[in-house]
Amino acid sequence: ASLVTIDNVDMRYGGADGTLAVSGLNMVVERGEFAAVVGPSGCGKSTLMKLVTGLHIPQQGLVTVAGIHVTKPVSIVGMAFQNPTMLPWRTTLDNVLLPLEIVERHRRRLRKHKKEYVEKAEHLLETVGLKGFGSKYPWQLSGGMQQRANLCRALIHEPELLMLDEPFGALDAFTREELWQVIRDLHASQDVTIVLVTHDLREAVFLADNVHVMSARPGKILKVHK
Ligand code: ADP
Ligand code: ADP
């Protein structure tokens, strides 16, 4: 069964004369699939990610997640985008816990089982090489460390769908390959569907089941390599 469908979508920025970012975009992501999306710079990859997460609503066409028409930000999704967006007044640990405070269902659980969630956050931080950094503030972390913390934040609520837009961009090659392994283990061990945008073909081929290739702007999926 498919978890994500994008059906004949057009998305234009800035009104009728604005930039047509994607046009006639079609994509299906199956439940449990690890999909990579590759394509030239500016072709609409980030736009695609924002359409699926409900951060943008298209002028034309239909996006569904778990069979539901996307008309607002989707709560079963974990997101990590290329620019780390940690709240500066919160520690790293409290940034990682943030998604649990947004959805009421999680909020109740967090109140009841705070200790377990803190342990889980600490475990995630350890997995990405940030053991002991939970009490630091974002400005005390490098860009790459913030990016890794962002990844933990995307995972804390065990999302059904994980959307990753160049999440390894600011990392050195060594750390990047370590995180590839983290993501691969995650996909192997859990019932999670992943969509990863990357410039790096090697990364796409190493990680994904299917590589969805986009055309130049206005982007659409040209073919899927299985
Ligand atoms: P990619 O992620 O593949 O580099 P994007 O989805 O970021 O591509 O952008 C697709 C096109 O839409 C580009 O031409 C970009 O400049 C434009 N674009 C993206 N976001 C906006 C925005 N908020 N306002 C106007 N144009 C935008
Ligand atoms: P990417 O190409 O990987 O999306 P960018 O640095 O081009 O990275 O864009 C980062 C974000 O800035 C985009 O996701 C979009 O929201 C915004 N953006 C990009 N291009 C434009 C643009 N021409 N006008 C306004 N906002 C833009």
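What counts, and where the lines are drawn
Going along each chain's sequence as written, the residues are numbered from 1 onward. Each chain gets a letter, beginning with A, and each ligand a number, beginning with 1, in the order they are written. Side-chain atom pairs in this predicted model are given and counted only at pLDDT of 80 or more, local residue features only at pLDDT of at least 70, and totals for whole chains, interfaces and linings cover all residues. Computation of side-chain values: all heavy atoms of the structure, hydrogens and water removed. A run of H or I in DSSP becomes a helix once it reaches four residues, and a run of E becomes a strand once it reaches two; helices and strands are each numbered from the N terminus. Working definition: with a 1.4 Å probe on protein chains only, accessible area under 20% of the residue-type maximum means buried, over 50% means exposed, and in between means partly exposed. As used in this structure description, the phrase polar contact means that two N or O atoms lie within 3.5 Å; if the pair is within protein, one of them must be able to donate a hydrogen and the other to accept it, and residues adjacent in sequence are counted only when both atoms belong to side chains. Should any heavy atoms of two residues lie within 4.5 Å, those residues are counted as being in contact. Strand pairing is defined by DSSP finding a minimum of two bridges between the two strands. Axes here refer to lines fitted to C-alpha atoms; in helices the fit is confined to the stretch in contact. Angles between the N-to-C directions go from 0 to 180 degrees. The length a helix should cover is 1.5 Å for every residue beyond the first. Note: the arc covers the axis-to-C-beta directions of the helix. Put simply, buried Ala, Val, Leu, Ile, Met, Phe, Trp, Tyr and Cys residues joined by side-chain atoms within 4.5 Å make one nonpolar core. Summary of the distance rule: residues count as near a molecule or strand when at least one heavy atom falls within 4 Å of that molecule or strand. Using a 1.4 Å probe, the Shrake-Rupley method yields the accessible areas, and only the shown protein chains count as cover for residues.

Participant: Can you explain the side chain of Q146? Please cite residues and give values.
Facilitator: Mapped onto the elements of the fold, Q146 is located in helix α6 (residues 143-155). Of the residues examined, Q146 reaches a relative accessible area of 18% and is grouped as buried. Engagement of the side chain of Q146 in a polar contact is seen with the backbone oxygen of L141, the distance being 3.4 Å. Discounting chain neighbours no more than four positions away, the residues touching Q146 are P84, M86, P138 and L141.

Participant: Explain the sheet that holds strand β3 (residues 34-38) to me, and be specific about the residues and the numbers.
Facilitator: One open sheet accounts for six strands, arranged β6-β7-β8-β3-β9-β10; its pairing is mixed. Looking along the sheet, the strands with just one partner apiece sit at the ends: β6 (77-80) and β10 (221-225). Averaged over neighbouring strand pairs, the angle between their axes works out to 15° when direction is ignored. As paired strands, β6 and strand β7 (residues 161-165) are joined by four bridges and run parallel to one another. The residue of β7 that forms the bridge with V77 is L161. Packing against the sheet, helix α1 (residues 45-53) makes contact with β3, β6, β7, β8 (193-197), β9 (210-214) and β10, and its axis sits at approximately 155° to β7. Contacts from α6 reach β6 and β7, with the element oriented near 175° to β6.

Participant: Before we move on, could you go through the sheet that holds strand β1 (residues 2-13) and cite the residues and values that matter?
Facilitator: Pairing within the open sheet is antiparallel, and its four strands lie in the order β2-β1-β4-β5. The sheet terminates laterally at β2 (19-30) and β5 (68-69), the two strands that pair on one side only. Pairing of β1 with β2 involves eight bridges; the strand directions are antiparallel. Bridge pairing in β2 places I6 opposite M27.

Participant: So what about helix α7 (residues 173-189)? Which residues, and what values?
Facilitator: With 17 residues, α7 should cover 24 Å at 1.5 Å per step; its first-to-last C-alpha distance of 24 Å lies within 8% of that length. Regarding α7, the residues found buried are T175, L179, W180, V182, I183, L186 and H187. Burial along α7 is one-sided: seen end-on, the buried residues are contained in an arc of 165°. More than 90 degrees from the buried face of α7, the exposed residues found are F174, A188 and S189. In this structure, the buried side of α7 is in contact with β3, α5 (114-127), α6, β7, β8 and α8 (201-207).

Participant: Would you mind going over the nonpolar core in detail, with residue names and values included?
Facilitator: Ranked by internal contacts, the top residues of the largest apolar core, which has 42 residues, are L97, L151, L162, L164, F168 and I194. If we ignore the near neighbours within four places in the chain, the residues touching L162 are G78, A154, L155, L186, V192, T193, I194 and V195. Counting residues in each nonpolar core, the second largest holds 28 residues, with V37, C43, V74 and M163 among its members.

Participant: Run through unusual backbone geometry, naming residues and quoting values.
Facilitator: Each neighbour pair has its own omega, and for R217 with P218 the value is -5°, a cis peptide bond. Its place among the elements puts P218 in the loop between β9 and β10. Despite not being glycine, N8 has its phi angle at roughly 55°, a positive value. Along the chain, N8 turns up in strand β1. Since its relative accessible area comes to 41%, N8 is described here as partly exposed. Even without glycine at this site, E158 takes up a positive phi of about 45°. Within the secondary structure, E158 is located in the loop between α6 and β7.

Participant: Explain the site of ligand 2 to me, and be specific about the residues and the numbers.
Facilitator: Near ligand 2 the following residues occur: S46, K50 and Q82. One of the side-chain nitrogen or oxygen atoms of S46 is found 2.9 Å away from an oxygen atom of ligand 2. Within the side chain of K50, an N or O atom sits 2.6 Å from an oxygen atom of ligand 2. Here ligand 2 has 540 Å² of accessible area as a free molecule, and 29% of this is covered by the chains.

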